[in-house]
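Notes for the structure review
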Amino acid sequence: MLHKKADPQPHEENLNPTFGSRYISTEIPRYSMPESEMPPQTAKQIIHDELMLDGNARLNLATFVTTWMEPEARELMQETFEKNMIDKDEYPQTAEIEMRCVNILSRLYNAPEKESPCGCSTIGSSEAAMLGGMALKWQWRKRRQAAGKPADKPNLILGIDVQVCWEKFCRYWEIEPRYIPIEKGRYMINPEEVIERCDENTIGVIGILGTTFTGQYEPIAEINDALEELNSKTGWEIPLHVDAASGGFVAPFLQPDLKWDFRLKWVKSINVSGHKYGLVYPGVGWIIWRDEDELPEELVFKVNYLGGDMPTFALNFSRPGNQVVAQYYNFIRLGKEGYTRLMESSRDTARFLAKKLEELGVFEILGPGEDIPVLAFRIKEDADVNFTVFDISEQVRHRGWLIPAYTLPENAEDIAVLRIVVKEDFSRDMAMLLLEDLQRILDHFDELPDHRKVKDDPNDGKHRPKC
Ligand SMILES: *Cc1c(COP(=O)(O)O)cnc(C)c1O
């Protein structure tokens, strides 16, 4: 969030902590640095108390991001807080662990034996997307320059359903985004729509494994085949980058035969969020290229001021190393068996919830809800009800549940949905409790006399799903 200068009312200028004079007897300024020190317990208590007003992360069904890790993982993370990921010379073993993670992922994504995959950790999928996107742009420009052709009008093909990081990528790096609209009943891109928009200035195509809006996998294999046909006909070399932010840790375990990764020729790079279904607390993502040749040398900087001569490709410099340590912990602690078991369990909870939601009579699940364990559901078109999904979202908050309501993108913006992301720490028991609350809310609306059947989206269509 971009924060502005605060303009406090007189009564807002100071913090008045609780506990009277037990800890502190003076006021402290809210928006400027206090002149004097305070004891550590006091500072901790003040902040601790304020944060009570945040939502309870375990009831946050809006987020894709991990809200629970094992105590052993927490301890390990605490032990490694001071490690800076960039200091590869000072913390060579952390660097080694990052390297192992890259290897584990490139094998999980079936990088061909004869190629040399490479990659790195990032702060999340957004940074990974910027790096992947830049490699696409630089590679395209090289091909154009080699052919003696202009390289000043790059474009990228992507669905209107992309996560905001891709809109950022296009704007920050001055690339024309060619958005594929969605339609009612089709909430993702398809090969025909992709091919129609490609030309010699196309730097690449983005396919999403698990869209933010409905959790569905875009048809990556079909798009790969269509690109193969187009590229062999035209001599272009339009690659595919897969945004597997959430699906990258789900598909390999639940649908190992689904071809979406480096088994497909034109998939050159993949990003994934370690802090989503990779099951690590927020702060880690990954980008993997199928071969070193896909990563232009000019993008990699060599720095020697930390000792050694370390190649780095990143937007950030200093960054916590403990997230990467925690990722490695999960890899060896869970193995393929553990990840499979946890993903199956989340999928089963999602299926159970989907069935029960439909039994409530007024909801309809969008998409099959079978890819990542995410359910997007709407109020049935013909349901005669006096509430909207926005009312439901507000009502469940009274019990602490965070379930976002939002409208779908252009062309389907009159469809408003609720979305639940099922994660490992959302148990079947919690699902039952949520269903009871939903039933209570439906009963409550039933008893209301006023029929506000059509209520406008209070946010004027400006909703975006959070993740
Ligand atoms: C979450 C998400 C992102 C952004 O990932 P961060 O790790 O939060 O930066 C990008 N794309 C998709 C499809 C996502 O779900």
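Residues numbered from 1 in each chain as written. Predicted model: local features only at pLDDT ≥ 70, side-chain atom pairs only at ≥ 80, totals over all residues. Heavy atoms only, no water.

**Remarks on the overall build of the protein chain**
Per the secondary structure count, the protein chain includes eleven helices and 15 strands. The C-alpha atoms of the protein chain give a radius of gyration of 24 Å, which matches the 23 Å a tight globule of 467 residues would have. Here the C-alpha coordinates of the protein chain stretch approximately 70 × 60 × 45 Å along the principal axes. Counting over 467 residues, the protein chain shows a buried share of 54%. (Helix = DSSP H or I, 4+ residues; strand = E, 2+ residues; numbered from the N terminus. Rg over C-alpha atoms; globule rule 2.2 N^0.38 Å. Buried < 20%, exposed > 50% of the residue type's maximum accessible area, 1.4 Å probe, protein only.)

**Quick look at the nonpolar core**
Formed by 59 residues in total, the largest nonpolar core has its most connected members in Leu-105, Val-205, Trp-260 and Tyr-277. Mapped onto this core, the elements with two or more residues apiece are helix H2 (71-79), helix H3 (92-108), helix H7 (220-234), strand S7 (240-243), helix H8 (251-254), strand S8 (267-273), strand S9 (285-289) and helix H9 (322-359). For this core, the element with the highest residue contribution is H9, accounting for nine residues. Formed jointly, this core draws a minimum of three residues from each of two domains, domain 2 (74-330) and domain 3 (344-446). The residues touching Tyr-277, leaving out its near neighbours within four places in the chain, are Phe-64, Ser-246, Phe-249, Val-250, Tyr-339, Met-343, Ile-372, Pro-373, Val-374, Val-421 and Val-422. (Core = buried A, V, L, I, M, F, W, Y, C linked by side-chain atoms within 4.5 Å. Domains from an automatic or database assignment. Contact = heavy atoms within 4.5 Å.)

**Thoughts on the packing of aromatic side chains**
Taken as a whole and judged by the stated rule, the model has 13 aromatic pairs. When the centroid spacing of 5.8 Å and the interplanar angle of 25° are considered together, the rings of Phe-169 and Trp-173 count as stacked. Note on Phe-169: relative accessible area 0%, which makes it buried. Consider the rings of Phe-249 and Tyr-339, whose centres lie 5.9 Å apart with planes at 15°: the pair is stacked. Of the two residues, Phe-249 is situated in the loop between S7 and H8 and Tyr-339 in helix H9; the sequence distance between them amounts to 90 residues. (Phe/Tyr/Trp six-rings, centres within 6.5 Å; stacked < 30°, edge-to-face > 60°.)

**Some words on the UniProt feature "modified residue: N6-(pyridoxal phosphate)lysine" (unreviewed entry) in the protein chain**
UniProt feature "modified residue: N6-(pyridoxal phosphate)lysine" (unreviewed entry): in the numbering of this structure it lies at Lys-276. Structurally, the position occupied by Lys-276 is in the loop between S8 and S9. Using a relative accessible area of 10% as the deciding quantity, one classes Lys-276 as buried. (UniProt positions renumbered as here; feature names shortened; annotations may be inferred.)

**Quick notes on the site of the ligand**
Around the ligand, the surrounding shell holds 14 residues, and the nearest of these are Ser-125, Ser-126, Asp-243, His-275 and Lys-276. Measuring from a nitrogen atom of the ligand, one finds a side-chain N or O atom of Asp-243 at 2.6 Å. Separating an oxygen atom of the ligand from a side-chain N or O atom of Lys-276 is a distance of 2.8 Å. Expressed as a share of its isolated accessible area of 380 Å², the protein-covered part of the ligand is 93%. (Near = heavy atom within 4 Å. Polar contact = N/O pair within 3.5 Å; in protein donor to acceptor, adjacent residues only side chain to side chain. Areas by Shrake-Rupley, 256 points an atom, 1.4 Å probe, with all protein chains shown as cover.)

**Some thoughts on the state of the cysteines**
Counted according to the given criterion, the structure contains zero disulfides. With no disulfide of its own, Cys-101 has Cys-120 as its nearest cysteine by sulfur position, at a separation of 12 Å. By relative accessible area, Cys-101 is classed as buried at 0%. Cysteine Cys-170 remains unbridged, with the sulfur of Cys-165 as its closest cysteine sulfur at 9.8 Å. Judged by its relative accessible area of 3%, Cys-170 falls in the buried class. (Disulfide = S-S within 2.5 Å.)

**Things to note about the side chain of Ser-269**
When you line up the elements, Ser-269 lands in strand S8. We classify Ser-269 as buried; its relative accessible area is 1%. In terms of polar contacts, Ser-269 uses its side chain to reach the side chain of His-241, at 2.8 Å.

**Overview of a negative patch on the surface**
Taken together, the side chains of Glu-358, Glu-364, Glu-381 and Asp-382 define an acidic patch exposed on the protein surface. With respect to the helices and strands, the residue Glu-358 is situated in helix H9. (Patch = residues over 30% accessible without salt bridge, like charges linked within 9 Å, V, L, I, M, F, W, Y side chains within 5 Å. Salt bridge = Lys/Arg side-chain N within 4 Å of Asp/Glu carboxyl O. Lys, Arg positive; Asp, Glu negative; His and termini not counted. Charge placed at Lys NZ, Arg CZ, Asp CG, Glu CD.)

**Some thoughts on the sheet that holds S8**
Remark on secondary structure: sheet strands pair via backbone hydrogen bonds, oriented parallel or antiparallel. Sheet architecture is open: seven strands sit in the order S3-S9-S8-S7-S6-S4-S5, paired in mixed fashion. Each of the sheet's edge strands pairs with one partner strand only, and the pair in question is strand S3 (118-122) and strand S5 (176-180). Recorded for the sheet is a direction-independent mean angle of 20° between the axes of neighbouring strands. Packing against the sheet, helix H5 (residues 164-172) makes contact with strand S4 (155-159), S5, strand S6 (202-208), S7 and S8, and its axis sits at approximately 165° to S4. (Pairing = 2+ DSSP bridges. Axes fitted to C-alpha atoms, helices over the stretch in contact; angles between N-to-C directions.)

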